[in-house]
Amino acid sequence: MVAIKAFVEAAELQGGSRRLRRAQLGVVSSTLGASMDMPEHLRNVVVGIAKEIDDRCFRPVLEEADLDRALEHARASFQTFVELWPALLAAIAPWLLEDQGRLVAMTRVLTDTWTSEGTLEALGTEAASWFAAAHDARAAIAYGLVKNGMPVPPSNEATIVHLCLVADFAILLGLFLAQHSRPKLVDGIAVAIGKLAHESAKDAYVLMATHRFADPQPATVSE
Amino acid sequence: MSGEFPPKQWEVWFASLREGVPGEQTGDHNVLVVSSPLMQSRVVLVAPITSTAREAPCVVKVEPQDSGLKLVSYIECDQLQALSPSPKRFKEFRRKLSAPVRPAVALALQSALRGALPDPYANES
């Protein structure tokens, strides 16, 4: 089991403006690649930083020979991700937030990614099920925020942002593992990262949505 | 008031499940009512609760203070059953599940029913 605490502590080091945090919660990491209708200069930024994330954060995890070392490298890589990811968001936030429809479009995800034959074969059913559930929870946050205007509870905003950062890292790493599973992934790495993605996204959703599931207050009778 | 018939959403009851074959939850179990009060049905949908640890996206771990049960428990959203809201099935009311656990149950239900629920993005242009 990957200790989520170490990742969240690393995420706490990240600053950022309120505007950027809102963009971060609204953008599910794995949808960025799907939004290619953005202006060319922005697309170049996205592609460039995504490649940087692949090369500096994910490829080293792939190259480790055993699970413990791979997870250790994932923790170290997350520190780099924490620096790169906000840089990417800062670059595209003005364009994204200019029109809510753009965020909504980016939040619309291909939910069958995790159940595709290729992903199931690459990651295995167990890992794919954790990633699929993580993706659904993360998308529920993004969609709730962007489309339905679900408020972010101020007292939990920082924790939600940190958990989403961990989830975005783990989901992107899962996609990378699925695309680079040949010749063979280290045993257990996909399931471990899938559980990390799920735990962080689920905890963030719980913090964000608890008020929606609370019992209705008894109606007050006016005098 | 909680604990009245018919059992309501988010209530934990001690109930008699349906007969089954190995692999299915059967016998007397604590259960969580998950169905909507607007379902317009003669049955209520319940998710069995077990003390046997199990890890899966469709299972929710719940602490005693959130469920009113004595042990750490696991709500199995992949073992939904439809039960008649009768005292023959629902034997004893425990308590309502704490609100902070409910979103996790909602996600677990989504995971169990993945592909069977409407795509939330379907109506977007």
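Refer to the structure presented above.
Participant: Even after reading the chapter, I still don't get the overall build of chain A, so can you show me in this structure?
Facilitator: A count of helices and strands for chain A gives nine helices and zero strands. Traced from its N-terminal end to its C-terminal end, chain A shows the element sequence α-α-α-α-α-α-α-α-α. Each of the 223 residues in chain A was classed as buried or not, and the buried ones make up 44%. Within chain A, contacts between residues separated by at least 24 positions form 83% of all contacts whose residues are at least 6 apart in sequence.

Participant: It is not clear to me how the packing of helix α4 (residues 67-98) of chain A against helix α9 (residues 189-209) of chain A should be interpreted in this structure. Could you clarify?
Facilitator: How two helices pack is summed up by the angle between their axes together with the distance between the axes. All names here are of chain A. Two numbers describe how α4 lies on α9: the axes approach to 10 Å, and their chain directions differ by 35 degrees. Crossing angle aside, the handedness with which α4 passes α9 is right-handed. Residues Leu-67, Ala-70, Leu-71 and Ala-74 of α4 form the contact with α9, whose own contacting residues are Ile-189, Ala-192 and Ile-193.

Participant: Would you mind going over the environment of Trp-95 of chain A with me for this structure?
Facilitator: Residues and elements named next belong to chain A. With respect to the helices and strands, the residue Trp-95 is situated in helix α4. Judged by C-beta crowding, with 13 C-beta atoms within 10 Å, Trp-95 ranks as partly exposed. It is 32 Å that separates the C-alpha atoms of Trp-95 and Thr-115, two residues lying 20 residues apart in sequence.

Participant: What exactly am I supposed to notice about helix α7 (residues 125-146) of chain A here?
Facilitator: Since the α-helix advances by 3.6 residues per turn, residues separated by three or four positions end up pointing in the same direction. Taking 1.5 Å of rise per residue, the 22 residues of α7 of chain A would be expected to cover 32 Å, and the 31 Å separating its terminal C-alpha atoms lies within 8% of that figure. Counting buried residues along α7 of chain A, 19 of its 22 residues qualify, which places the element largely inside the surrounding structure.

Participant: I keep staring at helix α3 (residues 40-63) of chain A and nothing clicks. Help me out?
Facilitator: Residue and element names in this part refer to chain A. Look at α3: 32 Å from first C-alpha to last across 24 residues, which is about the 34 Å you get at 1.5 Å a residue. Of all bends in α3, the biggest is about 35 degrees, found at Asp-55. All buried positions along α3 are accounted for by Ile-53, Cys-57, Phe-58 and Val-61. Where α3 is buried, its residues meet α4 and α8 (157-179).

Participant: Looking at this model, I keep getting lost on the interface of chain A and chain B. Mind explaining?
Facilitator: Contacts between the two partners involve 19 residues from chain A, matched on the other side by 14 residues from chain B. Only α7 and α9 of chain A provide two or more residues apiece to the side of chain A that touches chain B. Of the residues forming the side of chain A that touches chain B, the biggest block, seven residues, is contributed by α7 of chain A. Each residue belonging to the side of chain A that touches chain B can be placed in one class, and the counts come to eleven nonpolar, four polar and four charged.

Participant: Looking at this structure, I do not really get the packing of helix α1 (residues 4-11) of chain A against α4 of chain A. What am I missing?
Facilitator: Residues and elements named next belong to chain A. Orientation of α1 relative to α4, taken along the N-to-C sense of each, is 25 degrees, at an axis distance of 9 Å. Between α1 and α4, the interaxial angle falls into the category roughly parallel. As α1 packs across α4, the resulting crossing turns out to be right-handed. For the pair formed by α1 and α4, the contact residues are Ala-6, Phe-7, Ala-10 and Ala-11 on the first element and Arg-75, Phe-78, Gln-79 and Val-82 on the second. In terms of residue class, the contact of α1 with α4 is made up of six nonpolar, one polar and one charged.

Participant: Mind showing me how you'd approach the nonpolar core here?
Facilitator: Generally speaking, a soluble globular protein has its nonpolar side chains buried in company with each other. Ranked by size, the top nonpolar core spans 99 residues in total, and within it Leu-32 and Val-105 of chain B carry the most contacts. For this core, the element with the highest residue contribution is α8 of chain A, accounting for 15 residues. Leu-32 of chain B has contacts with Val-12, Val-46, Ala-47, Ile-49, Ile-75, Leu-97 and Val-105 of chain B, leaving out every residue within four places of it along the chain.

Participant: Looking at this structure, I do not really get the pairing of strand β3 (residues 44-50) of chain B. What am I missing?
Facilitator: Residue and element names in this part refer to chain B. With five of seven residues buried, β3 lies mostly within the body of the structure. Bridge analysis of strand β2 (residues 28-33) against β3 gives four bridges, and the strand direction is antiparallel. Note on β3: the bridge partner recorded for Asn-30 is Ile-49. In this sheet, strand β6 (residues 81-83) lies alongside β3 in antiparallel orientation, the contact comprising three bridges. Along β6, the bridge assignment pairs Val-44 with Leu-83. Strand direction decides the pairing type here: β3 and strand β5 (residues 73-76), joined by two bridges, are antiparallel. Residue pairing for β5: Ile-49 is matched across the bridge by Ile-75.

Participant: Sorry if this is basic, but what is going on with the pairing of strand β1 (residues 11-16) of chain B here?
Facilitator: Within a regular beta strand, the side chains point alternately toward one face of the sheet and then the other, so they alternate between its two faces. Residues and elements named next belong to chain B. Bridge count between β1 and strand β7 (residues 90-96): five bridges; the pairing is antiparallel. Within β7, the position partnered with Ala-15 by the bridge is Phe-90. Of the strand pairs in this sheet, β1 and β2 are connected by five bridges, and their pairing is antiparallel. The residue bridging Ser-16 from the neighbouring strand is Asp-28, located in β2.

What counts and how
- Residues numbered from 1 in each chain as written.
- Chains lettered and ligands numbered in written order.
- Predicted model: local features only at pLDDT ≥ 70, side-chain atom pairs only at ≥ 80, totals over all residues.
- Helix = DSSP H or I, 4+ residues; strand = E, 2+ residues; numbered from the N terminus.
- Buried ≥ 20, exposed ≤ 12 C-beta atoms within 10 Å, placed from the backbone.
- Contact = placed C-beta atoms within 7 Å.
- Axes fitted to C-alpha atoms, helices over the stretch in contact; angles between N-to-C directions.
- Left-handed = near helix turned anticlockwise from the far one by under 90°.
- Expected span 1.5 Å × (residues − 1).
- Bend = angle between axes of the 7 residues up to and from the residue.
- Nonpolar A, V, L, I, M, F, W, Y, C, P; charged D, E, K, R; others polar.
- Parallel < 35°, antiparallel > 145°, perpendicular 65-115°, else oblique.
- Core = buried A, V, L, I, M, F, W, Y, C linked by C-beta atoms within 7 Å.
- Pairing = 2+ DSSP bridges.

Any functional reading would require information that these geometric values do not contain.
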